[in-house]
Amino acid sequence: MSLESDSAVPSSSRDWYFPSPPFIHAAKSRKYHRRFSTNPRPSPSDSQLPFAAGVSSPNPATPFRAVPPRTFSHERPRRRVDFSRRRDKPPRTDVNQPVSGVPDGLSNKRSEASGDKFIRFAGPSFKLRWKMAFSVSILMTVFSSVVYQNFCLHSQVDELQNYISKLEFRLQASHSSDSMELISYSEPEGDLPNRSLKRLALMVSLILLSVPVVVFKYIDYVSRSRSPENISEEESLNKQLAYRVDLFLSVHPYSKPLALLVATLLLICLGGLALFGVKDDSLVECLWLSWTYVADSGNHTDSEKIGERLVSVSISFGGMLIFAMMLGLVSDAISEKFDSLRKGRSEVVEQNHTLILGWSDKLGSLLNQIAIANESLGGGIVVVMAERDKEEMELDIGKMEFDFKGTSIICRSGSPLILADLKKVSVSKARAIIVLAEDGNADQSDARALRTVLSLTGVKEGLRGHIVVELSDLDNEVLVKLVGGDLVETVVAHDVIGRLMIQCARQPGLAQIWEDILGFENCEFYIKRWPQLDGMHFEDVLISFPDAIPCGVKVASLGGRIILNPDDSYVLQEGDEVLVIAEDDDTYAPAELPMFNKVKINEKLSGTEAVEKVKEASFIQISRTARKPQKILLCGWRRDIDDMLVVLDAFLAPGSELWMFNEVAEKERKKKLIDGGLEINRLVNISLVDREGNAVIRRHLESLPLQSFDSILILADESVEDSAIQADSRSLATLLLIRDIQAKRLPMVTHVERGSFSQSSWIGEMQQASDKSVIISEILDPRTKNLLSMSKISDYVLSNELVSMALAMVAEDRQINDVLEELFAEEGNELQIRQGDLYLHEDEELSFYEVLLRARQRREVMIGYRLADAERAVINPPAKTERRRWSVKDVFVVIAEKE
């Protein structure tokens, strides 16, 4: 290189790399360029060159080692420059471009160094691994070919040895003969298959086995080499493939059996190719042998050659794995199916069944009532779906001491808020759907019932039956009916029980009558059309059913409105249906009118009979009595107590007093009543008296004038109503304390009329106190009623059981809900208990039909009676035309308008 070209290089670059005096620039430029062009990396001995020492050589050809070394070293500047160059990574496309301000030689050296580093740091690992993989595959192929050749040579040697042994045997056998046949060794054509084709089959099978392993091992490096930039945020191709496989196996239902089938076919094909390479059989025979090895690992025991044994063992090992996976899949499928059946996830394929959504303490009584209702049909199907485990539900139902009389109970686990779970229980084909209220907070229970109704109305297939919803708060009834429309019938549990307790407080013994009417064990309401009754007056319809008692008419002209206790002059029209109280829907039918009815009503009366009829009418009119003010005590607090106060104000006579005794503070008590919508100033017939205390503490109860109350209502307190046993224990303790305090304050009598207990016994004393006042206890657990019925010291309202009966009755026939609403309302008709002196004289002999006709003069429908010496009333009595002697102490059950 010329001196001019050397001098063209700026000195600043040389000074930047090797600081030296300016008088040696020209002498050192050639050596500087030459040294960098020949040695990319200077050795440590270069520090001893005269160029580094700053002394010029007189002869350019003289080696630099002859110059004495200088003491200073340039290792630190070189290391620093090298680090800075590594830190500043240039783009990959600008690796070969020269750096400004640096000599050409230095630029070239840096380009080469950067290229080496790119190969070493960016792609050398991939290239080395790829080359290694390729080399391994070639080595495996060569090794397999060598092994195959070895196996072939061994097999040929074995065949030749066998053939030689045969020849020797023939030679020994031919020694005795005179002539010896010339035996020439010739390999028969067609006995040995094409060796090259077999070798190819073996190599193909080995390559196909090794290729997936190599691809899976190095596929990540292939994906990185194809990407324009090495982006660390992207997931590797191995992870993406693993994710796709996992997604395929989890999404598609038959992915696992399909994958197992593909693996089995691949094993058979590869095993058949390998066997074809080591055996003398045809390809089809080898494929069949491969299948037998896969299916049964013991079929390869007849293999004699080494190659055949290795291949057959490999195929058998793969077959064991295949069948192990198959057994695992079958076992998992069976376990999953049984687990699904055990947990109630299978679909119910039923129709015209009763569907119950939810779980509560009322479920046992509800199932019992539905089973009794289905007994006449030979049984039915009831499906229960709740957010509980199926085994737990079946275990709890099994513990219920009920005879389901042929009705099958099917339990399923699921949520009524999920449409998929609703479809699982065939909700669209159910004839009735009952939504139970949850135990706990009333607002949350009603909110859940509302969401359940929304889910039911969202079923695309539509609903065949109606929905019966149990609510806890009367204020939420309007919203649920607004959402459900005509499909929904509501039963407000607290409202029904509160009204029933008020009726029982006014008329002791009414709770037992309601149990008989609401339950399916005795008599209940039925509505049916009888065309033969069209054109008849209702007074004639009353005595047309010997096995039932008509009590109302469903008028077709009024849009199907049910009228209880209509006028005698009402004439049945076409389309009208008759509401009766009967034992079952198939146990009654109209018959001819009794003879006495034709004489007294349809014909003119004689003079004597007319006088008797007038006496009977005057007797009935004189016996009417006006309502008297009452004094009632409410023990406990419940969330709907404001509704109870409104009902009591409508039922009681003016001037009545209502004492409220509970643990709620007086200020908070008034606030809760106002928040519930009660305006205390608008109460007309009753006046409130507030007392604060605990109903299970005797000292607090003794502060009350318990001997002066006409009726005492013991409510299931709001604080403990979530636990039926705790609430009943509290009610029972309050009852015993009140009766004991009353017995101590009331004067003793020498004779106890009711019961067989002696006067000195504590139950006898309490029965004397029960004659002065009536105590109505709200009972939640049916087992508690046995204690009260044995003691005969109190009447009770079995709230949970009565609500269950009402739900079952409305589920069987939704029209009955209108009847129950009217019987529990403040206006209209209600069940009442009347004394016998309103209808007859002492020891008068009359039939039940005759007493019923006397009750019709008071605009009442008589449905039963209770004799003076009997404990239970008889509803819809048999033999209604037979005469018997009556007593004025007998009582009669009628449906009459509220006074």
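Residues numbered from 1 in each chain as written. Predicted model: local features only at pLDDT ≥ 70, side-chain atom pairs only at ≥ 80, totals over all residues. Heavy atoms only, no water.

Enquirer: Lay out the overall build of the protein with the relevant residues and their values.
Expert: Of regular secondary structure, the protein possesses 31 helices and 22 strands. By residue count, 44% of the 899 residues in the protein fall in the buried class. Expressed as a percentage of contacts within the protein between residues at least 6 apart in sequence, the contacts between residues at least 24 apart total 72%. Summed over its atoms, the accessible surface of the protein is roughly 48,400 Å², and 56% of this surface lies on carbon and sulfur atoms. (Helix = DSSP H or I, 4+ residues; strand = E, 2+ residues; numbered from the N terminus. Buried < 20%, exposed > 50% of the residue type's maximum accessible area, 1.4 Å probe, protein only. Contact = heavy atoms within 4.5 Å. Areas by Shrake-Rupley, 256 points an atom, 1.4 Å probe, with all protein chains shown as cover.)

Enquirer: I'd like to hear about the pattern of salt bridges, residue by residue, with values.
Expert: All chains considered together, the criterion is met by 36 salt bridges. The closest approach of N and O atoms between Glu 860 and Arg 834, which form a salt bridge, is 3.4 Å. One end of the pair, Glu 860, is in the loop between α31 (848-856) and β19 (861-866); the other, Arg 834, is in strand β17 (residues 829-835), and 26 residues separate them in sequence. Taking the relative accessible area as the measure of exposure, Glu 860 reaches 2% and is therefore buried. Overlapping salt bridges, with partners in common, bring together Arg 698, Glu 702, Asp 740 and Lys 744 in one network. (Salt bridge = Lys/Arg side-chain N within 4 Å of Asp/Glu carboxyl O.)

Enquirer: Can you tell me about the sheet that holds strand β10 (residues 577-582), naming the residues and giving the values?
Expert: By way of backbone hydrogen bonds, the strands of a sheet pair with one another, either parallel or antiparallel. Spatial strand order, β7-β10-β8-β9: four strands in an open sheet with antiparallel pairing. The sheet is open, and its two edges are formed by β7 (524-528) and β9 (561-564), each paired on a single side. The sheet shows a mean angle of 30 degrees between the axes of neighbouring strands, direction not considered. Direction of pairing for strand β8 (residues 549-555) relative to β10: antiparallel, over a ladder of five bridges. Bridge pairing in β10 places Lys 554 opposite Glu 577. (Pairing = 2+ DSSP bridges. Axes fitted to C-alpha atoms, helices over the stretch in contact; angles between N-to-C directions.)

Enquirer: Just give me the short version of the nonpolar core, but keep the residues and values in it.
Expert: In this structure, Ile 356 and Phe 525 are the most contacted members of the largest nonpolar core, which totals 123 residues. If one sorts the elements of this core by residue count, helix α29 (residues 799-812) sits on top with nine residues. Here Ile 356 is in contact with Leu 363, Leu 366, Leu 367, Ile 370, Val 382, Val 383, Val 384, Met 385, Ile 434 and Leu 436, once residues within four sequence places are set aside. Judged by nonpolar contacts, the second largest core, of 24 residues, contains Met 385, Val 469, Val 480 and Val 492. (Core = buried A, V, L, I, M, F, W, Y, C linked by side-chain atoms within 4.5 Å.)

Enquirer: I'd like to hear about the side chain of Gln 503, residue by residue, with values.
Expert: Within the secondary structure, Gln 503 sits in helix α18 (residues 493-506). With sequence-adjacent residues up to four places away left out, Gln 503 is seen in contact with Leu 510, Trp 514, Phe 651, Leu 823, Phe 824, Glu 830 and Leu 831.

Enquirer: Which residues make up the environment of Phe 248, and what values do they have?
Expert: Here Phe 248 lies in helix α9 (residues 237-251). Beyond its immediate sequence surroundings of up to four residues, Phe 248 is in contact with Ser 255 and Leu 258.

Enquirer: Residues and numbers for unusual backbone geometry, please.
Expert: Of note in the backbone geometry, Ser 426 takes a positive phi value of approximately 55 degrees without being a glycine. By secondary structure assignment, the location of Ser 426 is in the loop between α15 (419-424) and β4 (432-435). Notably, Asp 843 is not glycine yet its phi reads approximately 60 degrees, a positive angle. Since its relative accessible area comes to 45%, Asp 843 is described here as partly exposed.

Enquirer: Now, about a nonpolar patch on the surface: what can you tell me, with residues and values included?
Expert: Side chains of Val 245, Phe 248, Leu 249, Leu 258, Leu 261, Val 262, Leu 265 and Leu 266 sit close together on the surface and give an oily, nonpolar patch of about 680 Å² of accessible area. Per-element accounting of the nonpolar patch gives the leading share, five residues, to helix α10 (residues 255-278). By the element assignment, Leu 266 lies in helix α10. (Patch = residues over 30% accessible without salt bridge, like charges linked within 9 Å, V, L, I, M, F, W, Y side chains within 5 Å.)

Enquirer: How would you explain the sheet that holds strand β5 (residues 466-471) if you had to name every residue and give the values?
Expert: Read from one edge to the other, the open sheet built from six strands follows the order β3-β2-β1-β4-β5-β6, with strand pairing classed as parallel. Edge positions in the sheet fall to β3 (408-413) and β6 (488-492), since each of these pairs with one other strand and no more. Averaged over neighbouring strand pairs, the angle between their axes works out to 20 degrees when direction is ignored. The sheet contact formed by strand β1 (residues 354-357) and β4 spans four bridges and is parallel. What sits directly across from Ile 356, in β4, is Ile 434. Sitting on the sheet, helix α14 (residues 390-398) touches β2 (381-386) and β3, and the angle it makes with β3 is about 150 degrees. This element, α18, spans β5 and β6 of the sheet and lies at about 50 degrees to β6.

Enquirer: Outline the packing of α18 against helix α23 (residues 641-651), listing residues and values.
Expert: For the pair α18 and α23, interaxial distance at closest approach is 10 Å and the crossing angle is 35 degrees. Both α18 and α23 take part in a crossing whose hand is right-handed. Contacts between α18 and α23 involve Gly 498, Arg 499, Ile 502, Gln 503 and Arg 506 on the former and, on the latter, Met 644, Val 647, Leu 648 and Phe 651. By residue class, the composition of the contact of α18 with α23 is five nonpolar, two polar and two charged. (Left-handed = near helix turned anticlockwise from the far one by under 90°. Nonpolar A, V, L, I, M, F, W, Y, C, P; charged D, E, K, R; others polar.)

Enquirer: With reference to specific residues and values, describe empty space enclosed by the protein.
Expert: Tallied over the entire structure, the rule returns two cavities of 30 Å³ or more. The volume enclosed by the largest cavity comes to roughly 90 Å³. Around the largest cavity, the lining comprises 16 residues; the ones closest to its centre are Cys 635, Gly 636, Ala 695, Leu 715 and Arg 730. Put simply, the parts of the chain that give the lining of the largest cavity at least two residues each are β12 (656-662) and α26 (724-745). A per-element tally of the lining of the largest cavity places α26 first, with four residues. Split into classes, the residues belonging to the lining of the largest cavity amount to eight nonpolar, five polar and three charged. Counted as a void, the second largest cavity has a volume near 30 Å³. Lining the second largest cavity we find Gly 509, Gln 512, Ile 513, Ile 833, Arg 866, Ala 873, Val 891 and Val 893. For the lining of the second largest cavity, the secondary structure elements donating two or more residues are α19 (510-518) and β22 (891-897). Along the lines of polarity and charge, the residues of the lining of the second largest cavity split into five nonpolar, two polar and one charged. (1 Å grid on protein atoms, 1.4 Å probe; cavity = no way out; pocket = protein on both sides within 12 Å on 5 of 7 lines; lining within 4 Å. Points joined across faces, edges and corners; volume = space filled by probe spheres on them.)

Enquirer: Which residues make up the pairing of β1, and what values do they have?
Expert: Here β1 shows two buried faces, one formed by Thr 354 and Ile 356 and the other by Leu 355 and Leu 357. Where β1 meets β2, four bridges bridge the pair, whose relative direction is parallel. Directly across from Leu 357, in β2, lies its bridge partner Met 385. Following the chain from β1 across helix α13 (residues 363-373) to the adjacent parallel β2, one finds a crossover that is right-handed. (Right-handed = clockwise from strand over helix to strand, strands pointing away.)

Enquirer: Lay out the packing of aromatic side chains with the relevant residues and their values.
Expert: Within the structure shown, the criterion is met by 10 aromatic pairs. With a centroid separation of 5.5 Å and an interplanar angle of 85 degrees, the aromatic rings of Trp 659 and Phe 709 are classed as edge-to-face. Taken as a pair, Trp 659 in strand β12 and Phe 709 in the loop between α25 (698-701) and β14 (711-714) lie far apart in primary sequence, 50 residues in all. Here Tyr 865 and Trp 886 contribute two aromatic rings whose centre-to-centre distance is 5.1 Å and whose plane-to-plane angle is 90 degrees, an arrangement assigned as edge-to-face. One end of the pair, Tyr 865, is in strand β19; the other, Trp 886, is in the loop between β21 (883-885) and β22, with 21 residues separating them in the sequence. With a relative accessible area of 12%, Tyr 865 lands in the buried category. Counting every residue linked through ring pairs, the aromatic cluster contains Tyr 839, Phe 848, Tyr 865, Trp 886 and Phe 892. In this structure, Arg 388 packs its charged tip against the face of Trp 359, placed 4.5 Å from the ring centre. Sitting over the face of the ring of Phe 651, Arg 506 holds its NZ or CZ atom 4.7 Å from the ring centroid. (Phe/Tyr/Trp six-rings, centres within 6.5 Å; stacked < 30°, edge-to-face > 60°. Lys NZ or Arg CZ within 6 Å of the ring centre and 35° of its normal.)

On their own, these measurements won't tell you what the molecule is for.
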